[in-house]
Amino acid sequence: MENKSVFEMILSGDLKSDIIYEDNQIFAIHDINPIAKIHILIIPKKKIATINDLSIDDIDLIGSMFLCAKDLAKKFGIDQSGYRLLFNTNDDAMQTVFHIHLHLIGGEKLKNI
Ligand code: 5GP
């Protein structure tokens, strides 16, 4: 059997992390190593290793992740000040967890990318 991703371990309770949002398809947690005052990860319950592995069946899932991100941006008070959403994919982008996740980053002035 394939190893569980760190996010599957959090979801199953094997690894401790406060789940700040959950529905039947996705959940969200604070990043353990935040790069800004607000750094949240929005994660599908279904394990998809990278964005390269997305299929047409995942369109609703990806849409839900973005809707969740904008709702959390509002909940954490950064919807008007601004925020960044990103997926890292593979080595050059320094993806470290091979279970896709949308980073929601803000709460302070971010450097240009
Ligand atoms: P990536 O580099 O793959 O785009 O992002 C993975 C993110 O997951 C990193 O920002 C890292 O800090 C975060 N992360 C890794 N392990 C854990 C963990 O056990 N708990 C939480 N909350 N975040 C984690």
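Right, let's walk through the structure included here.

Cut-off values and rules
Residues numbered from 1 in each chain as written. Predicted model: local features only at pLDDT ≥ 70, side-chain atom pairs only at ≥ 80, totals over all residues. Heavy atoms only, no water. Helix = DSSP H or I, 4+ residues; strand = E, 2+ residues; numbered from the N terminus. Rg over C-alpha atoms; globule rule 2.2 N^0.38 Å. Contact = heavy atoms within 4.5 Å. Areas by Shrake-Rupley, 256 points an atom, 1.4 Å probe, with all protein chains shown as cover. Lys, Arg positive; Asp, Glu negative; His and termini not counted. Charge placed at Lys NZ, Arg CZ, Asp CG, Glu CD. Buried < 20%, exposed > 50% of the residue type's maximum accessible area, 1.4 Å probe, protein only. Pairing = 2+ DSSP bridges. Axes fitted to C-alpha atoms, helices over the stretch in contact; angles between N-to-C directions. 1 Å grid on protein atoms, 1.4 Å probe; cavity = no way out; pocket = protein on both sides within 12 Å on 5 of 7 lines; lining within 4 Å. Points joined across faces, edges and corners; volume = space filled by probe spheres on them. Nonpolar A, V, L, I, M, F, W, Y, C, P; charged D, E, K, R; others polar.

Some details on the overall build of the protein
Then comes step 1: The helix and strand tally for the protein stands at two helices and five strands.
Then comes step 2: When the helices and strands of the protein are read in sequence order from the N terminus, they spell out α-β-β-β-α-β-β.
Then comes step 3: Here the C-alpha radius of gyration of the protein, 14 Å, is about what a compact globule of 113 residues would show, namely 13 Å.
Then comes step 4: Of the contacts made within the protein by residues no fewer than 6 positions apart, 53% connect residues no fewer than 24 positions apart.
Then comes step 5: Element-wise, carbon and sulfur atoms account for 52% of the exposed surface of the protein, whose accessible area totals about 7300 Å².
Then comes step 6: Of the charged side chains in the protein, 12 are positive and 16 negative, and the gap between their average positions amounts to 9 Å.

Digging into the pairing of strand β3 (residues 38-44)
Then comes step 1: Across the seven residues that make up β3, a large majority, seven, are buried.
Then comes step 2: Side chains of β3 alternate between two faces, with Ile38, Ile40, Ile42 and Pro44 and His39, Leu41 and Ile43 buried alike.
Then comes step 3: Pairing analysis gives five bridges linking strand β2 (residues 26-30) to β3, with the strands arranged antiparallel. Pairing of isoleucine 29 across the sheet is with leucine 41, part of β3.
Then comes step 4: Two elements, β3 and strand β5 (residues 102-106), share five bridges in a ladder whose sense is antiparallel. Within the sheet, the bridge partner assigned to isoleucine 38 lies in β5 and is glycine 106.

What about the sheet that holds β5?
Then comes step 1: On the basis of which strands lie adjacent, the open sheet formed by five strands has the order β1-β2-β3-β5-β4 and antiparallel pairing. The sheet is open, and its two borders are formed by β1 (19-22) and β4 (83-86), each paired with just one other strand. Sheet twist, expressed as the mean angle between neighbouring strand axes with direction ignored, is 20°.
Then comes step 2: Here helix α2 (residues 59-75) sits on the sheet in contact with β1, β2, β3, β4 and β5, set at roughly 155° to β3.

Structural notes on the pairing of β1
Then comes step 1: With three bridges connecting them, β1 and β2 associate as antiparallel partners. Bridge assignment links glutamate 22 to a residue of β2, and that residue is phenylalanine 27.
Then comes step 2: What sits between the antiparallel neighbours β1 and β2 is a turn of three residues.

Some remarks on the layout of surface pockets
Then comes step 1: Taken as a whole, the largest pocket spans an internal volume of roughly 440 Å³.
Then comes step 2: What lines the largest pocket is a set of 20 residues, among which Asp31, Leu41, Thr96, Val97 and His103 lie closest to the centre.
Then comes step 3: Of all the secondary structure elements, the ones that give two or more residues to the lining of the largest pocket are α1 (6-12) and β2.
Then comes step 4: Sorting elements by how many residues they give to the lining of the largest pocket places α1 first, with three residues.
Then comes step 5: Class assignment of the residues belonging to the lining of the largest pocket gives a composition of 11 nonpolar, seven polar and two charged.
Then comes step 6: By volume, the second largest pocket is sized at about 170 Å³.
Then comes step 7: If you trace the second largest pocket, you find it lined by Ile35, Arg84, Leu86, Ile105, Glu108, Lys109, Leu110, Lys111 and Ile113.

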